[in-house]
Amino acid sequence: MFSNDLSTATETVTFRGPRADRNPGSSVSWQSAMKHAIRSGEELCRYVGIDPETAGVLENRFPTFVPRELANRIKRGDPSDPILRQVLPVTNETVEAAGFVSDPVGDLNASQTGGVLHKYHGRALIVTHGACAVHCRYCFRREFPYSELNAQKSKWAPALDYIRNDATIEEVLLSGGDPLTLSDASLAGLIDELADIEHVQRVRLHTRLPIVIPQRVTSELLNLLGGTRLGVWMVIHANHSQEFDAAVDASIKRLRSEGVTVLNQSVLLAGINDDADTLIELSKTLINRGVQPYYLHQLDKVRGASHFWVSPQEGRQLVQQMRESLPGYAVPTYVVEEAGEPSKTPIVS
Ligand SMILES: *Cc1c(COP(=O)(O)O)cnc(C)c1O
Ligand code: SF4
């Protein structure tokens, strides 16, 4: 699955137990971290000292994928840990719930050519790569046929042609999967090609990697993001303050020092961050690191994720509580994605 990016992984690493390897100067390469990711719920449970049966583990067709760098931030022996619950495959995923379907956001209809999704005015999204650095159990793409829409297979050309031919596109989003699972060389090639298109002003990377495997923020990556004529925006994805550690903080600091504007999006998830204290703490963690809270997403109704559902009424109350205890800029916009709409739809009180 990750073969094209792992060929450069050369280091041999010995993994120690949870929390053993948290410093930013870690010698573990990100490719190696991907290669040695935990690939079963049982293994993950063993790694964090939890009985798989108590945790309700059940593998299904969305495979388990959890790098140890992230697993090291899971509290040992706690089956309700907020990081664990985001990544552990459980029996609840087999529940069929009304309205939870395989393509909740209409990405298949919006698909144009060569892996471009062009739903909104002024910005187009390239599905750069099928791979992610972690498999989030609530993800709307858990049912998504990446292989058919993957732009990399056709070497960017059709996606770039599409963007070149539409002068209204000022911003190009790189998403996936996760665009930072591309090698620095492929990414540099793509960003150079985008910078050659006159009407493109900004590139935006939607990625979980600075959180999941902060070693991904390599010097090469920083050079290429700092060196392009394009404005560079990065939207990271954290749902709970426990996802931050010293290595994550360091990676964010390095990105910001290259002039990258860093935003965060979260998904409102039952049992993970559906209480005001947790959301307030997350926002504080973000702004104290110079990261702007951007969106709080209503869960997309994807099959297998109904146990994460929080009602919009509850969500509105939570956001109101955030507003009452945080600076205005620390309150994310609470949105839902509706197929066919010209933007994300705000859920307002
Ligand atoms: C969410 C999304 C965007 C970005 O929307 P913003 O509101 O600008 O963050 C762009 N294209 C697609 C296809 C999207 O799903
Ligand atoms: S697309 Fe994002 S939310 Fe979905 S599995 Fe990948 S990293 Fe997780």
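The rules behind the values
Residues numbered from 1 in each chain as written. Chains lettered and ligands numbered in written order. Predicted model: local features only at pLDDT ≥ 70, side-chain atom pairs only at ≥ 80, totals over all residues. Heavy atoms only, no water. Helix = DSSP H or I, 4+ residues; strand = E, 2+ residues; numbered from the N terminus. Buried < 20%, exposed > 50% of the residue type's maximum accessible area, 1.4 Å probe, protein only. Contact = heavy atoms within 4.5 Å. Areas by Shrake-Rupley, 256 points an atom, 1.4 Å probe, with all protein chains shown as cover. Patch = residues over 30% accessible without salt bridge, like charges linked within 9 Å, V, L, I, M, F, W, Y side chains within 5 Å. Salt bridge = Lys/Arg side-chain N within 4 Å of Asp/Glu carboxyl O. Lys, Arg positive; Asp, Glu negative; His and termini not counted. Charge placed at Lys NZ, Arg CZ, Asp CG, Glu CD. Axes fitted to C-alpha atoms, helices over the stretch in contact; angles between N-to-C directions. Parallel < 35°, antiparallel > 145°, perpendicular 65-115°, else oblique. Nonpolar A, V, L, I, M, F, W, Y, C, P; charged D, E, K, R; others polar. Near = heavy atom within 4 Å. 1 Å grid on protein atoms, 1.4 Å probe; cavity = no way out; pocket = protein on both sides within 12 Å on 5 of 7 lines; lining within 4 Å. Sits in = over half its atoms within 2 Å of the grid points. Points joined across faces, edges and corners; volume = space filled by probe spheres on them. Pairing = 2+ DSSP bridges. Right-handed = clockwise from strand over helix to strand, strands pointing away. Polar contact = N/O pair within 3.5 Å; in protein donor to acceptor, adjacent residues only side chain to side chain.

### Focus: the overall build of the protein chain
Each helix and strand counted, the protein chain has 15 helices and nine strands in total. Per-residue burial for the protein chain yields a buried fraction of 58% across its 349 residues. Taking as baseline every contact in the protein chain between residues at least 6 positions apart, the subset at least 24 positions apart corresponds to 81%. Carbon and sulfur atoms provide 48% of the accessible area of the protein chain, an area that totals close to 14,400 Å².

### A few points about a negative patch on the surface
Among the surface-exposed residues, Glu42, Asp51, Glu53 and Glu59 lie close enough to one another that they form a single negatively charged patch. Mapping glutamate 53 onto the fold places it in helix H4 (residues 52-55). A relative accessible area of 72% means that glutamate 53 is categorised as exposed.

### Examining the packing of helix H10 (residues 184-195) against helix H12 (residues 219-227)
Where H10 contacts H12, the axes come no closer than 10 Å and their chain directions differ by 5°. On the basis of their axis angle, the class for H10 and H12 is roughly parallel. Between H10 and H12, the contacting residues are Asp184, Leu187, Ala188 and Ile191 on the first element and Glu220, Leu221, Leu224 and Leu225 on the second. Residue classes in the contact of H10 with H12 are distributed as six nonpolar, no polar and two charged.

### Notes on the pattern of salt bridges
Two side chains that carry opposite charge are able to pair once their charged atoms sit near each other. Inspection of every chain in the model, using the stated rule, returns 15 salt bridges. As a salt-bridge pair, arginine 202 and glutamate 171 come within 2.6 Å of each other at their nearest N and O atoms. With arginine 202 in strand E4 (residues 202-206) and glutamate 171 in strand E3 (residues 171-175), this pair connects stretches of sequence that are 31 residues apart. Owing to a relative accessible area of 25%, arginine 202 belongs among the partly exposed residues under this scheme. Judged by its relative accessible area of 7%, glutamate 171 is buried. For arginine 216, the salt bridge is made with aspartate 184, and the minimal N-O distance between the two is 2.8 Å.

### Some details on the site of ligand 2
Taken together, Cys132, Val134, Cys136, Cys139, Arg208 and His237 make up all the residues around ligand 2. According to the grid-proximity analysis, the pocket containing ligand 2 is the largest pocket. For the shell around ligand 2, a count of residues per class yields four nonpolar, one polar and one charged.

### A few points about the layout of surface pockets
Estimates place the volume of the largest pocket at around 1,100 Å³. Forming the boundary of the largest pocket are 50 residues, of which Cys139, Phe140, Arg141, Ser175 and Gln265 lie nearest the centre. Of all the elements in the fold, those that place two or more residues in the lining of the largest pocket are strand E1 (116-120), strand E2 (123-127), E3, E4, strand E5 (231-237), strand E6 (261-267) and strand E7 (292-297). A total of four residues in the lining of the largest pocket trace back to one element, the largest contributor, which is E1.

### Details of the pairing of E5
When you tally the buried positions in E5, you get five out of seven residues, the bulk of the element. The sheet contact formed by E4 and E5 spans five bridges and is parallel. Bridge pairing in E5 places arginine 202 opposite glycine 231. In this fold, E5 hands off to helix H13 (residues 246-257), which returns the chain to E6; that crossover is right-handed.

### Quick notes on the site of ligand 1
Residues in close proximity to ligand 1 include Leu117, Lys119, Tyr120, Arg123, Leu125, Leu173, Arg204, Tyr294, Tyr295, Glu337 and Lys344, which together make up its full environment. In this structure, an oxygen atom belonging to ligand 1 sits 2.7 Å away from a side-chain N or O atom of arginine 123. One of the side-chain nitrogen or oxygen atoms of tyrosine 295 is found 2.6 Å away from an oxygen atom of ligand 1. Contact with the protein chains removes 91% of the 390 Å² of surface that ligand 1 exposes when unbound. A majority-of-atoms criterion places ligand 1 in the largest pocket. In terms of residue count, the dominant contributor to the shell around ligand 1 is E1 (three residues). Its residues placed into classes, the shell around ligand 1 shows six nonpolar, no polar and five charged.

### Quick notes on the pairing of E6
E6 sits mainly inside the fold: six of its seven residues count as buried. For E6 and E7, the ladder comprises five bridges, and the chain directions are parallel. Bridging from a neighbouring strand, glutamine 265 pairs with tyrosine 295 of E7. In terms of handedness, the path from E6 via helix H14 (residues 276-287) over to E7 forms a crossover that is right-handed.

### Some details on the side chain of glutamine 298
Structurally, glutamine 298 is set in the loop between E7 and helix H15 (312-325). Separated by 2.8 Å, the side chain of glutamine 298 and the backbone oxygen of valine 310 make a polar contact.

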